[in-house]
Amino acid sequence: MDLLQRFAHGEIDAFETLVRQFQGDIYAWTVRIVRDPGVAEDLTVETLWRVYRARHQFRPDGNFGAWARRIATNLAIDHLRSNRPEQSFPAEPAGVQQPDPLVQREARERIQQAFRRLPAKLQVAATLALVEELPYEEIASALGTSVGAVKLRVFRAVRILRKRLSRAGIRPE
Amino acid sequence: MKEHEDKYMTEHDDRQIRDALKQSFSPVKTEPRRDLWPDVLRKLDVCPVRVPWYDWVLVGLSAVMFLAFPRLVLVFAYHL
């Protein structure tokens with residue numbers, strides 16, 4: 001019986017081997033989305049626990065890594081949803097130029113804030129596509145959707161962000 | 001002409017947003033700081049995989065049905 005079959009039958013040794021093999025990949029994927037090592041570790045542990053709990057649903061001829069990554073993505077989306085910042089920043093007159101580095105740093109923080117207020121699914125697609133520059137196919141597979149849907153989410157994220165930033169008087173340099 | 005300019009400005013702004021976003025988020029270390037297996041094992045011990053209460057209710061109801069109507073076993077077996 002191979003490793004994945006043994007895992008599907010609930011053998012803890014097989015699961016340990018898989019955890020050691022895939023924990024790095026799951027952590028790397030999660031930390032790219034949530035951008036906080038502590039949170040990413042917690043979510044990775046939660047993902048692996050859920051993976052074990054759902055072992056009966058796993059087909060031993062399937063792709064374990066892709067399956068675990070999808071579970072990790074859903075957990076990360078749930079985390080972003082429940083930790084979405086509530087408050088918005090006050091509007092400023094449009095077109096204010098910000099050459100001062102300190103002000104630019106503030107602008108970056110406000111861009112991050114505005115980004116964190118996007119709907120979780122848009123945020124994940126935009127983080128992975130624009131910040132991490134991962135291939136759309138990889139993102140689509142982890143989100144369980146099509147490449148077209150990912151592109152649409154990224155497009156919507158950029159548009160919403162542009163509107164919000166312009167309303168707050170922030171012009172990215 | 002105005003429409004063309006607007007489209008150009010929108011694309012230009014979008015590109016700026018994308019660049020700003022990339023600059024706003026510093027790169028993250030993608031290596032875990034420690035082995036997570038002990039945490040997973042602890043979680044498995046603390047939260048053992050349990051059968052939810054509604055599954056037990058379902059099993060109980062099925063048992064009662066099979067006792068009351070034994071022929072249902074055949075119907076059930078046929079659908080398995």
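Residues numbered from 1 in each chain as written. Chains lettered and ligands numbered in written order. Predicted model: local features only at pLDDT ≥ 70, side-chain atom pairs only at ≥ 80, totals over all residues. Heavy atoms only, no water.

### Description of the interface of chain A and chain B
Interfaces are often described in size by the accessible area the parts lose on coming together.
Stage number 1. With 41 residues of chain A at the contact, the number on the chain B side is 30 residues.
Stage number 2. For the pair chain A and chain B, the interface holds five salt bridges.
Stage number 3. Between K22 of chain B and E133 of chain A there is a salt bridge whose closest N-O contact spans 3.8 Å.
Stage number 4. Secondary structure elements with two or more residues in the side of chain A that touches chain B: α2 (12-34), α3 (37-53), α5 (101-116), α6 (120-131) and α8 (147-167) of chain A. (Contact = heavy atoms within 4.5 Å. Salt bridge = Lys/Arg side-chain N within 4 Å of Asp/Glu carboxyl O. Helix = DSSP H or I, 4+ residues; strand = E, 2+ residues; numbered from the N terminus.)

### With respect to helix α4 (residues 64-82) of chain A
One turn of an α-helix holds 3.6 residues; hence residues three or four places apart share an orientation.
All names here are of chain A.
Stage number 1. The first and last C-alpha atoms of α4 sit 27 Å apart over 19 residues, in line with the 27 Å expected at 1.5 Å per residue.
Stage number 2. Along α4, the residues classified as buried are F64, G65, A68, R69, I71, A72, T73, L75, A76, I77 and L80.
Stage number 3. Here α4 starts with a cap whose side-chain oxygen sits 3.1 Å from the backbone nitrogen of G65, and that cap is N63. (Expected span 1.5 Å × (residues − 1). Buried < 20%, exposed > 50% of the residue type's maximum accessible area, 1.4 Å probe, protein only. Polar contact = N/O pair within 3.5 Å; in protein donor to acceptor, adjacent residues only side chain to side chain.)

### So, the environment of V31 of chain A
Stage number 1. Topologically, V31 of chain A is positioned in helix α2.
Stage number 2. Using a relative accessible area of 1% as the deciding quantity, one classes V31 of chain A as buried.
Stage number 3. The spatial distance from the C-alpha of V31 of chain A to the C-alpha of E41 of chain A is 8.1 Å, given a sequence separation of ten residues.
Stage number 4. Leaving out residues up to four positions away in the same chain, V31 of chain A has contacts with D36, P37 and A40 of chain A together with V28, K29 and T30 of chain B.

### With respect to the packing of aromatic side chains
Stage number 1. According to the stated counting rule, one finds 13 aromatic pairs over all chains in the structure shown.
Stage number 2. When the centroid spacing of 5.7 Å and the interplanar angle of 85° are considered together, the rings of F58 of chain A and F64 of chain A count as edge-to-face. Here F58 of chain A and F64 of chain A have matching classes, each one buried.
Stage number 3. By the ring-pair criterion, three or more aromatic residues cluster together here, those being F7, F15, F22, Y52, F58, F64 and W67 of chain A together with W37 of chain B.
Stage number 4. Geometry around Y52 of chain A places R55 of chain A over its ring, the cationic atom sitting 4.3 Å from the centre.
Stage number 5. Between K43 of chain B and the ring centre of W49 of chain A, over which it is positioned, the NZ or CZ distance is 4.7 Å. (Phe/Tyr/Trp six-rings, centres within 6.5 Å; stacked < 30°, edge-to-face > 60°. Lys NZ or Arg CZ within 6 Å of the ring centre and 35° of its normal.)

### With respect to a nonpolar patch on the surface
Stage number 1. Nonpolar side chains collect at one region of the surface, where W53, Y54, V57 and L61 of chain B lie side by side and expose about 490 Å² of accessible area between them.
Stage number 2. Secondary-structure assignment places Y54 of chain B in helix α3 (residues 53-68). (Patch = residues over 30% accessible without salt bridge, like charges linked within 9 Å, V, L, I, M, F, W, Y side chains within 5 Å. Areas by Shrake-Rupley, 256 points an atom, 1.4 Å probe, with all protein chains shown as cover.)

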